[in-house]
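Descriptive analysis of the structure
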Amino acid sequence: PDTLNAEAIREDFPILDRKIGGSELVYLDNGATSQTPQQVIEAIVDYYTQYNANIHRGLHTLSQEASIAYEEAHDTVADFIGADGREEIVFTKNTTEAQNLVAYSWGMNELGPGDEIVLTQMEHHASLVTWQQMCKRTGAEVKYIPITNEGYLDMEAAESLVTDDTKLVSVSHVSNTLGTINPVDELAAIAHDHGAYLFVDGAQSVPTRPVDVGALDADFLAFSGHKMCGPTGSGALYGKKEILEEIEPAFYGGGMIRKVEYEDSTWHDLPWKFEAGTPGICEGIALAAACEYLSDIGMERVQSHEESLAEYAYDQLARCDDVEIFGPPGNDRTGLVSFDVEGIHPHDLSSIVNEHGVAIRAGDHCTQPLHGTLGVPASARASFYIYNTHEEIDVLVDVLHEAREIFH
Ligand SMILES: Cc1ncc(COP(=O)(O)O)c(CN[C@@H](CS)C(=O)O)c1O
């Protein structure tokens with residue numbers, strides 16, 4: 001079937017048997033971090049019980065085994081996002097580090113007064129603050145593509161904002177607050193027409209839909225392993241090989257060098273040139289296990305499950321006349337819904353639903369400027385993944401009625 005079996009998948013996630021204050025856990029905060037299947041937990045245990053050693057091809061067996069597993073993990077992740085090979089995949093601890101890596105390796109060396117960085121009003125702080133501060137340091141200018149009332153990018157504005165002075169456009173493939181799926185392939189064409197790079201923030205897209213960096217023609221793409229069944233401290237930066245060959249490393253040390261003399265040094269091959277010091281060896285291997293787990297399910301099935309839950313949650317919430325939902329219609333978003341219940345602050349709402357075992361996010365979701373644009377200081381957010389069910393959304397809607405009883 002082209003749908004996934006969430007009930008069967010739940011068997012892989014021991015944590016979902018947790019009770020919260022006597023209620024069954026209803027985990028709806030997957031945009032923040034996903035849960036971890038037994039298959040990934042076993043990959044972690046296997047590493048630490050069978051072949052934990054430092055990499056870079058030490059001569060003893062454990063180091064050989066760890067090195068090969070860590071290197072091949074790069075191949076698995078490359079395949080997962082349609083990259084050409086391990087040379088285009090730098091393991092990082094998360095999306096934020098990947099953004100900063102490009103900002104400090106490319107941005108610091110290439111940007112100067114008169115140059116422009118184009119972001120969007122819906123960007124996460126991981127890219128917004130990074131590039132905003134990089135512009136402050138280098139004298140470049142930061143500009144923002146505005147959003148429409150429905151939470152889409154204003155693509156006409158994008159056409160006029162990107163100019164021949166633009167050096168990089170950085171955009172979320174999927175908004176973690178609005179659920180909007182942005183036309184990153186169109187933005188790549190606009191950026192490339194002006195000789196600018198396109199950086200795709202894939203933190204909410206790589207876990208929830210098929211992503212092919214070649215088809216998108218992205219120059220960089222970043223994502224986090226912990227949002228896609230992997231461990232915290234795992235993530236990756238994709239970069240086109242010809243670009244990564246050109247740019248200087250941001251972090252120096254062991255593992256990234258070829259030859260070191262007192263006066264100067266030369267750098268290792270890709271991707272190792274960008275991986276200084278002892279990396280998260282187990283994290284990288286476990287990220288690859290997470291990619292294999294999701295590939296076995298099928299990313300098309302993951303996407304259709306996400307979209308089914310998104311539409312259902314949108315429709316159920318939209319039937320409450322005291323609920324304001326942010327972002328596009330329910331049939332045109334990824335599996336998350338940010339909303340506001342009239343008269344109940346999101347923090348109070350999340351505390352009350354938590355008493356019934358329901359875990360949602362409340363706050364600014366690291367998009368404070370976007371919340372300013374939306375005209376609210378904070379929002380509540382339910383975000384879904386492969387193990388969530390329509391029945392769990394019914395539980396959320398039911399406990400919202402409990403909250404109303406208390407506050408109205
Ligand atoms: C679009 C987008 N871009 C970057 C990040 C940062 O991911 P890290 O793994 O923390 O580096 C996130 C993570 N957003 C979490 C934490 S704020 C959320 O609850 O929405 C994201 O959604």
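Summarised in this report is the structure supplied together with it. (Residues numbered from 1 in each chain as written. Predicted model: local features only at pLDDT ≥ 70, side-chain atom pairs only at ≥ 80, totals over all residues. Heavy atoms only, no water.)

1. Observations regarding unusual backbone geometry
Stated formally: For helices the rule is a DSSP run of H or I covering at least 4 residues; for strands it is a run of E covering at least 2, with both sets numbered from the N terminus onward.
Residue Pro271 is bonded to the preceding Leu270 through a cis peptide linkage, with omega at -5°. Looking at the element boundaries, Pro271 is found in the loop between β12 (265–267) and α10 (281–297). The backbone phi angle of Asp217 is positive, close to 60°, even though this residue is not glycine. If you trace the backbone, Asp217 turns up in the loop between α8 (213–216) and β9 (220–224).

2. Re the sheet that holds strand β17 (residues 379–383)
This is how the line gets drawn: Pairing between strands is defined by DSSP: at least two bridges between them are needed. Fitted lines through C-alpha atoms give the axes, limited to the stretch in contact for helices. The angle between two N-to-C directions lies from 0 to 180 degrees. Between two residues, a contact is recorded if the distance between any of their heavy atoms is within 4.5 Å.
Spatially, the four strands line up as an open sheet ordered β13-β14-β17-β16, and their pairing is antiparallel. Each of the sheet's edge strands pairs with one partner strand only, and the pair in question is β13 (323–326) and β16 (361–363). Neighbouring strand axes in the sheet, compared pairwise and without regard to direction, differ in orientation by 30° on average. As defined by bridge partners, β13 adjoins strand β14 (residues 336–341) across four bridges and the pair is classed as antiparallel. In the sheet register, Phe326 faces β14, and the bridge partner there is Ser338. Contacts from helix α11 (residues 299–318) reach β13 and β14, with the element oriented near 10° to β14.

3. Description of the sheet that holds strand β4 (residues 89–92)
With mixed pairing, the seven strands of this open sheet are ordered in space as β4-β10-β9-β8-β7-β5-β6. This sheet does not close on itself; its edge strands, each paired only once, are β4 and β6 (141–145). Along the sheet, successive strands turn relative to each other by an average axial angle of 20°, direction set aside. Sitting on the sheet, helix α4 (residues 95–110) touches β4, β5 (116–120), β7 (166–172), β8 (197–201), β9 and β10 (235–239), and the angle it makes with β8 is about 160°. Running over the sheet, helix α7 (residues 184–193) touches β6, β7 and β8 and is turned about 155° from β8.

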